[in-house]
Amino acid sequence: MPDNQSKDRTKPKKAIVILMDSLNRHMLGCYGGNEFATPNIDRFAARSLKFTNHYTGSLPCMPARHDILVGSMDFLWRPWGSIELWEKPITYHLRQKNIKTQLFTDHPHLFEVGGENYHTDFFAWDYTRGHESDPWKLGEDTSWLGTPSLPAQKKYPKHKEKLGYDLSRTWFREEEDYPGPKTMQAAADWVKEYGKREDSFFLFIDEFDPHEPFDTPAPWANLYDPSWEDELMIWPPYAVNGIKEGLLTERQGRHIRANYGSKLSMIDHWFGKLLNEMDKSNLWEDTLVIFCTDHGHYLGEKDIWGKPRVPQFETLGHTPFMIAAPGIDAGEIHALTTNVDIHETLSDLFDVQSDHETHGKSLLPLIYGELDEVRKWAIGGVFGQWVQIKSGNSKYARAPVGDGFPLSMWSNRWSTMPVHIMPKLKLPNPDKRAYLDFMPGSDIPVIRQPFQQGDLLPFWSMQPDIDAHHLYDLSVDPNENINSLGGKLESDMIEILRVALKELNAPMEQFSRLGIV
């Protein structure tokens, strides 16, 4: 860890957060990766504090953004969803202080049910259309032949019609039209125009690349798989034992992994344009910049593909995280951190106090060398699935026991991720079992809907793996091959998990469903 104790503790008045979705730590050059080229992420790392012990919190996509923008880990109370009545995002408080906020994104989940109000308190927001599930176009561009988009397999090969991105990709005329490049260029243009004009601002770049589809034009397409001659495979399966079960061949797996690498290198290239504008404006002298992701993405590690219902192994759960700040020397920080700490760091930076309960720790004392650690444990998971905790060198994923219940959803908005291929699959309305309760620290009544066996659960909560606990000592087993259940270490981790749940004021039913009462 660099010695920054003598550095000026005057807090900058500007902040930029760059989130690249599904970014694999082990594939970045600055974290030791050599499979794909990431020169601009590495360039940013060279001037940053690189965190080596950063872990996911609430998962997947929208719950992770809830951690960052709202500051509370909602996965213990509800699934993927929008901002609730009892909480306000940091952008609300910054608006009250007249600190300008701007969002640039191509993330479609921010503009559909389950994520529909995360953008509304920004002073301004810019949404680039056409990524993944975005219903941007009703049909293909009939003149698309010869444009940068190469022939690729559909997301749903058995479905008669194309949907979402399979239509959108036919409308791109050049690399600059692809959602990732277009978003990064828009952010770079904003930095050029407003970076020095505003005395104080918060810029959030929520970039959905390198999330699937792993689609790129030349020169990126097949950059890492030049011998591939078939249609591009841009949609990875979501599967455990994908090759073993015959869902894809080893050759196809290498191709999909290479296509992820192509998209990673392409968005890295466009990230460089943002860095160029930062250099030209010398924003480094008065701006704190955070680089992060929501989670990683399995690309064949342990023969896991996508984001299926498995514990957060290192590939997905141990994520890249970097901070550059004025007057702070580059180096490494080994303290344990998690995404909810981003919210508390921004709150500390801008002197904001949330009205609702939050769960993060400010990282400013770490980067200024005032503390060596800010937390003893980091907790995370998916609603209704494992609850996972990292402490020291140990990582423990506690699965539901018995039948996986009791489990309740706490929400007044009652929206979650739509599944466009299955339009009839909707989250059921609350029923007569529902009653009013109160979230910790709130006096606003909330609908609490108990679930039981046989109920249709929210999408990411379906079919939990019962009694399938995982415990790994990463100091001797970094690849998580030895499940060390049944001894003192597990007893110790159960106690740490119990303490963490109590500190978070988690619902008592979480203790019951996890069998740690």
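Residues numbered from 1 in each chain as written. Predicted model: local features only at pLDDT ≥ 70, side-chain atom pairs only at ≥ 80, totals over all residues. Heavy atoms only, no water.

### Quick notes on the layout of surface pockets
Turning to step 1, where the next piece is worked out: Computed from the structure, the largest pocket encloses a volume of approximately 1200 Å³.
Turning to step 2, where the next piece is worked out: Around the largest pocket, the lining comprises 44 residues; the ones closest to its centre are E132, K155, Y156, W235 and I421.
Turning to step 3, where the next piece is worked out: Split by residue class, the lining of the largest pocket holds 27 nonpolar, eight polar and nine charged.
Turning to step 4, where the next piece is worked out: A volume near 310 Å³ is recorded for the second largest pocket. (1 Å grid on protein atoms, 1.4 Å probe; cavity = no way out; pocket = protein on both sides within 12 Å on 5 of 7 lines; lining within 4 Å. Points joined across faces, edges and corners; volume = space filled by probe spheres on them. Nonpolar A, V, L, I, M, F, W, Y, C, P; charged D, E, K, R; others polar.)

### Considering the state of the cysteines
Every disulfide links exactly two cysteines, by a covalent bond between their sulfur atoms.
Turning to step 1, where the next piece is worked out: Taken as a whole and judged by the stated rule, the model has zero disulfides.
Turning to step 2, where the next piece is worked out: The structure places no disulfide on C30, whose sulfur is separated from the nearest cysteine sulfur, that of C292, by 13 Å.
Turning to step 3, where the next piece is worked out: In this structure C61 is a free cysteine whose sulfur lies 13 Å from that of C292, the closest cysteine sulfur available.
Turning to step 4, where the next piece is worked out: Judged by relative accessible area, which is 2%, C61 ranks as buried. (Disulfide = S-S within 2.5 Å. Buried < 20%, exposed > 50% of the residue type's maximum accessible area, 1.4 Å probe, protein only.)

### Observations concerning the sheet that holds strand β17 (residues 394-398)
Turning to step 1, where the next piece is worked out: The five strands lie next to each other as β4-β15-β16-β17-β21, forming an open sheet whose pairing is mixed. Lying at the two open borders of the sheet, with one neighbouring strand each, are β4 (58-59) and β21 (470-473).
Turning to step 2, where the next piece is worked out: As paired elements, strand β16 (residues 387-391) and β17 share five bridges and run antiparallel to each other. Its bridge partner lying in β17, S391 is registered against S394.
Turning to step 3, where the next piece is worked out: This element, helix α10 (residues 488-503), spans β15 (378-382), β16, β17 and β21 of the sheet and lies at about 70° to β17. (Pairing = 2+ DSSP bridges. Helix = DSSP H or I, 4+ residues; strand = E, 2+ residues; numbered from the N terminus. Contact = heavy atoms within 4.5 Å. Axes fitted to C-alpha atoms, helices over the stretch in contact; angles between N-to-C directions.)

### Considering the packing of helix α2 (residues 61-69) against helix α8 (residues 340-350)
Turning to step 1, where the next piece is worked out: Taken N-terminus to C-terminus, the directions of α2 and α8 make an angle of 25°; their axes are 6 Å apart at the nearest point. On the basis of their axis angle, the class for α2 and α8 is roughly parallel. Crossing hand, α2 versus α8: right-handed. Together, D67, I68 and L69 of α2 and V340, I342 and H343 of α8 make up the contact between the two elements. (Parallel < 35°, antiparallel > 145°, perpendicular 65-115°, else oblique. Left-handed = near helix turned anticlockwise from the far one by under 90°.)

### Topic: the pairing of β17
Turning to step 1, where the next piece is worked out: Of all the five residues making up β17, five are buried; the element is thus mostly covered by neighbouring parts of the structure.
Turning to step 2, where the next piece is worked out: Along β17, one buried face is formed by S394, Y396 and R398 and the opposite face, lined by K395 and A397, is buried too.
Turning to step 3, where the next piece is worked out: Linkage of β16 to β17, two consecutive antiparallel strands, is achieved through a turn of two residues, within which G392 is found at a positive phi near 60°.
Turning to step 4, where the next piece is worked out: As paired strands, β17 and β21 are joined by four bridges and run antiparallel to one another. Counted as the bridge partner of Y396 is L471 from β21.

### Let's talk about the sheet that holds strand β10 (residues 298-299)
Turning to step 1, where the next piece is worked out: As summarised here, the arrangement of the three strands in space is β8-β11-β10, forming an open sheet in which the pairing is antiparallel. In this open sheet, the two strands that pair with only one neighbour each are β8 (239-240) and β10.
Turning to step 2, where the next piece is worked out: Summarising the sheet, β8 and strand β11 (residues 304-306) pair through two bridges and their orientation is antiparallel. Residue V240 lies in a different strand from β11, and its bridge partner there is I304.

### Thoughts on the environment of P151
Turning to step 1, where the next piece is worked out: Considering the arrangement of structural elements, one finds P151 in the loop between β6 (124-127) and α4 (165-168).
Turning to step 2, where the next piece is worked out: Not counting the four nearest positions on each side in its chain, P151 is found in contact with E231 and L232.

### Some thoughts on α10
Turning to step 1, where the next piece is worked out: With 16 residues, α10 should cover 22 Å at 1.5 Å per step; its first-to-last C-alpha distance of 23 Å lies within 8% of that length.
Turning to step 2, where the next piece is worked out: All buried positions along α10 are accounted for by E490, M493, I494, L497, R498, A500 and L501. The arc that holds the buried residues of α10, viewed along the axis, is 165°, so those residues lie on one side. The outward face of α10, more than 90 degrees from its buried face, is lined by the exposed residues K488, K502 and E503.
Turning to step 3, where the next piece is worked out: Of the residues one or two after α10, N505 is the one with positive phi, at around 55°. (Expected span 1.5 Å × (residues − 1). Arc of directions from axis to C-beta.)

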